[in-house]
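Next come the chains, spelled out residue by residue.
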Amino acid sequence: MFNRIKKWLEVRIGLDDLTRTQLTEYRVPKNVNIFATLGFVALAGYAIQVISGIFLLIYYTPHPDHAFRSVQDIMTRVPYGWLFRQMHVMGSNIMIAVVMLHMVTVFLMGNYKRPRELTWVGGGLMLLVTLTFGLSGYLLPWTQLSYWATTVVTSMPTAFPYVGDFIASLLRGGDYISGITLGRFFALHIAILPPVFLSLIALHIFLIKRIGISATPFGTSDEEKRPLTEYKKKTYPDGSPYYPYFFQKQMLMVMIYVAAMFFLITFMPALFSPDEANTPANPLKTPFHIRPEWYFLAPYQMLKLIPNKFLGISIQIILVGIFLLWPFLDSQKEKNVFKRPVLRGVFIFLLALWVVLTFWGRY
Amino acid sequence: MRYLFISLLVILTFSSFAVGGYKEKFEREFMSQPWAGEQAEENACIACHVSDKMEPKLKNIPQNWQMSIHYENNVSCHDCHGGDPMDAAMSMSRQRGFIGAPKYTEVPEFCGKCHIGILKNYLESGHGKALKKTGKGPNCVTCHGSHKEEQFIQKANIDIINEQRCTKCHSYERAMIMKQALFLTEKKIGELEDNFKRLKKEGVFTADDEKPLFSTQAEFRALFHTVDVSLVKERTDEFRKRLDIIEKNIHDTLGELRFRKNFSAFILLLFTGMGVVLFLISKTPKE
């Protein structure tokens, strides 16, 4: 019976051929390191968000009068609702951290260099979409924290002359956060961003498959320094097979990811749920010490520090532009960042700045 | 391409600096609003009381209020004293309902606008009758404090009944019997409050369960204001039963939290184990 089904599928979709070419014959460089698995981990993280998100969607009500109560019902009355909510909340934060780490390691290993410029741009856009996922999902529980943190974040564009108020108004659907904002953010979170994100994932994977996985620049001579004038798929005949060798590494990292998520759920269940996250939103009562989520703290603090707000927001947009288009700006052939003292210095400075601004914004 | 991009960035940056200027609206509405801290300064009562033109003995009022239970529960100046805190010129206008500070004998009615049940029992008590008869009996601030001098209005608790305070007017004997009658119930209320704090820290929404506790303790404390020991003893069982129900709900919730912790710890162990197995497999030499 099983063989008959297998044969039936083989005739129609070429399962054996697909397995052979995509898994066993597909080879990765021998010196590929654990950081190359982070993209897969982020993808697994996204899958967890989708599955847990669908469960939450069944019980969530996107209306200011019911949103808070529906989330509390998920936490207290829906069987195992707390588990899916916690997975979604913790997962969103860890996933953002993993995507950021993925970008940093790709940067450090110079894997954005030609012919992988578009892979980098696609990945950068995915990071921005992930942050937008975070922003839009943050408002949905309609708590004091989510209401006022969203007020802070949606106020940022108002620093822009001429179009700033329009952008803020477009985001909020008015001058203040209201039921309209909740509706917009809900639609953005569950209907607009997922197809955008999936398209970017498809593009990203297509490019990785077409161009071939990049070799780690550390330790071995880099073959990719040659001028690139025509398409040539990067293959590693002497490398290790993707399955089971690299797949095991990827799955190991996914296990660590899930274990980290459940570590937080078990031992720090209220890590992202301070008191304000358990209080219904009250537009008339501003809580103390309200601040955006940790991944928006650095831009938030930077905006607070620069006296000219338009300059502050312009610098941030320019930094995002530089970040996205970096492969086109970096003409050096050397991939290994440790052999490039200036770039290394700038990177360490920016990383330190980001950490300092994040902590500064928090306290 | 690169140079064009960099040039565009430079032009954009400098032009933005020159054109953008200082966005006052943004600054006013968002950045300079440290979310609650400065809102208080918008309050005309506080702005005036902390200013140098205020009499020294009235200058500490905002500070003492900020340490009080009223401040904790967002009860502001105008909620008791009337007036309009948003309009400095009219803040003390009678047209805007300004009452000002009540006379000593008017304090119970002043506080009783909100603490209705307590006022009723107090007026029927020996304390209330003494105030009415002589104008010198204890009123609310005698025990609970106000925001004058170094005082602040404390959260009601059993320690307010103490020898030092009670012996200002009479012997401590009767007060001590009352304190003993209240002790176990008050202790239980305190424990339940601590448990709610614990649940909140665990991220549990407790407002629904806190309401019955609040009403039970309010009624119990209102009952105490009759200063009638036998009545307190007689009705204590009724309050204890109500508190027992709340306690059971809290215990159920704590049990549920323990289950959640164990369940997620089990999944944590499961994935850790799977990770270890995968690690060992990946380290096994291949043919």
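Focus: the overall build of chain B
A count of helical and extended segments in chain B gives 16 helices and zero strands. Relative to all contacts within chain B whose residues are 6 or more apart in sequence, the contacts with residues 24 or more apart total 54%. Total accessible area computed for chain B in this model is approximately 18,400 Å², and 60% of it derives from carbon and sulfur atoms.

Concerning the overall build of chain A
Counting its regular elements, chain A contains 13 helices and two strands. Rg of the C-alpha trace for chain A: 23 Å, near the compact-globule value of 21 Å for 363 residues, within the 12% margin. Across its three principal directions, the C-alpha atoms of chain A cover 65 × 60 × 40 Å. Within chain A, buried positions represent 51% of all 363 residues.

Considering the environment of B:G97
Residues and elements named next belong to chain B. Tracing the sequence through the fold places G97 in the loop between α8 (77–81) and α9 (107–112). Judged by relative accessible area, G97 falls into the partly exposed class, the value being 36%. For the pair formed by G97 and G83, sequence separation is 14 residues and the distance between their alpha carbons is 5.0 Å. Apart from residues no more than four positions distant in its own chain, G97 is found in contact with H81, G82 and G83.

Thoughts on a nonpolar patch on the surface
All names here are of chain A. Among the surface-exposed residues, V50, I51, I54, F55, I58 and Y59 lie close enough to one another that they form a single nonpolar patch of about 570 Å² accessible area. Within the secondary structure layout, I58 lies in helix α3 (residues 38–59). On the basis of relative accessible area, I58 is assigned to the exposed category, the value being 58%.

Focus on the confidence of the model for chain A
Taken as a whole, chain A shows an average pLDDT of 88; of its residues, 95% reach a score of 70 or greater. Looking at the elements of chain A, mean pLDDT is at its lowest for helix α2 (residues 15–24) of chain A, recorded as 82, and at its highest for α3(A), recorded as 96.

Some details on the packing of helix α14 (residues 173–201) of chain B against helix α15 (residues 207–224) of chain B
All names here are of chain B. One way to put it is that α14 packs onto α15 with a least axis distance of 11 Å and a crossing angle of 160°. Taken together, the axes of α14 and α15 are roughly antiparallel relative to one another. Note on packing geometry: the crossing formed by α14 with α15 is left-handed. Facing α14, whose interface residues are M178, L182, T185, E186, I189, L192, E193, F196 and K200, α15 presents D209, E210, L213, Q217, F220, R221 and F224. Of the residues contributing to the contact of α14 with α15, the split by class is eight nonpolar, two polar and six charged.

Some points on the packing of aromatic side chains
All names here are of chain A. Applying the stated criterion across every chain yields a total of 30 aromatic pairs over all chains. Here F107 and F347 contribute two aromatic rings whose centre-to-centre distance is 5.4 Å and whose plane-to-plane angle is 25°, an arrangement assigned as stacked. On the criterion of sequence distance, the pair formed by F107 in helix α5 (residues 81–108) and F347 in helix α13 (residues 341–362) is long-range, its members being 240 residues apart. F347 matches F107 in its accessibility class, with the two residues each being buried. Both rings, one in F263 and one in F267, keep their centres 5.0 Å apart while their planes meet at 50°; by these two values the pair is tilted.

A look at the side chain of B:S146
Residues and elements named next belong to chain B. For S146, the location among the structural elements is in the loop between α12 (140–144) and α13 (163–166). A relative accessible area of 14% means that S146 is categorised as buried. When neighbours within four sequence positions are excluded, S146 is seen to be in contact with V141, Q151, F152 and I153.

Overview of the nonpolar core
If you look at the biggest cluster of nonpolar residues, it comprises 83 residues, and the most contacted ones within it are A:W120, A:W142, A:F197, A:Y257, A:V258, A:M261 and A:F262. Counting residues per element, this core draws most heavily on α5(A), which supplies 14 residues. Grouped together as the second largest cluster of nonpolar side chains are 24 residues, B:C166, B:Y172, B:I189 and B:L257 included.

Thresholds applied
- Residue indices begin from 1 for each chain and proceed along its sequence in written order.
- Each chain is given a letter, starting from A, and each ligand a number, starting from 1, according to the order in which they appear as written.
- Residues qualify for local features only when their pLDDT is at least 70, as the model is predicted, and side-chain atom pairs are given and counted only at 80 or more; totals for whole chains, interfaces and linings, by contrast, use all residues.
- In computing side-chain values, all of the structure's heavy atoms are included and hydrogens and water are not.
- Helix and strand assignments come from DSSP, with helices taken as H or I runs of at least 4 residues and strands as E runs of at least 2, each series counted from the N terminus.
- By the convention used here, residues are in contact when the closest approach between their heavy atoms is within 4.5 Å.
- The Shrake-Rupley method, run with a 1.4 Å probe sphere, supplies the accessible areas, and residue values consider only the shown protein chains as cover.
- As a reference, a globule follows 2.2 Å times the number of residues to the power 0.38, and the radius of gyration itself is taken over C-alpha atoms.
- With a 1.4 Å probe rolled over the protein chains alone, any residue whose accessible area is under 20% of its type maximum counts as buried; one over 50% counts as exposed, and the rest are partly exposed.
- Candidate patch residues must exceed 30% relative accessible area and have no salt bridge, after which like charges are joined if within 9 Å and Val, Leu, Ile, Met, Phe, Trp or Tyr side chains if within 5 Å.
- By salt bridge we mean one thing: a side-chain nitrogen of Lys or Arg within 4 Å of a carboxyl oxygen of Asp or Glu.
- pLDDT runs from 0 to 100 and stands for how confident the predictor is about each residue.
- Here, axes are lines fitted to C-alpha atoms. For helices the fit covers the stretch in contact, and angles between N-to-C directions go from 0 to 180 degrees.
- Comment on the angle field: the value is read as roughly parallel under 35 degrees, roughly antiparallel over 145, roughly perpendicular from 65 to 115, and oblique elsewhere.
- Two helices cross in a left-handed way if the nearer one is turned anticlockwise from the farther one by less than a right angle. They cross in a right-handed way if the turn is clockwise.
- Residue type decides the class: Asp, Glu, Lys and Arg count as charged, Ala, Val, Leu, Ile, Met, Phe, Trp, Tyr, Cys and Pro as nonpolar, and the leftover types, Gly among them, as polar.
- Only the six-membered ring of Trp is used, alongside the rings of Phe and Tyr, when aromatic pairs are assigned; centres must lie within 6.5 Å, and planes under 30 degrees apart are stacked while those over 60 apart are edge-to-face, with the rest tilted.
- Throughout this description, the term nonpolar core refers to a set of buried Ala, Val, Leu, Ile, Met, Phe, Trp, Tyr and Cys residues connected via side-chain atoms within 4.5 Å.

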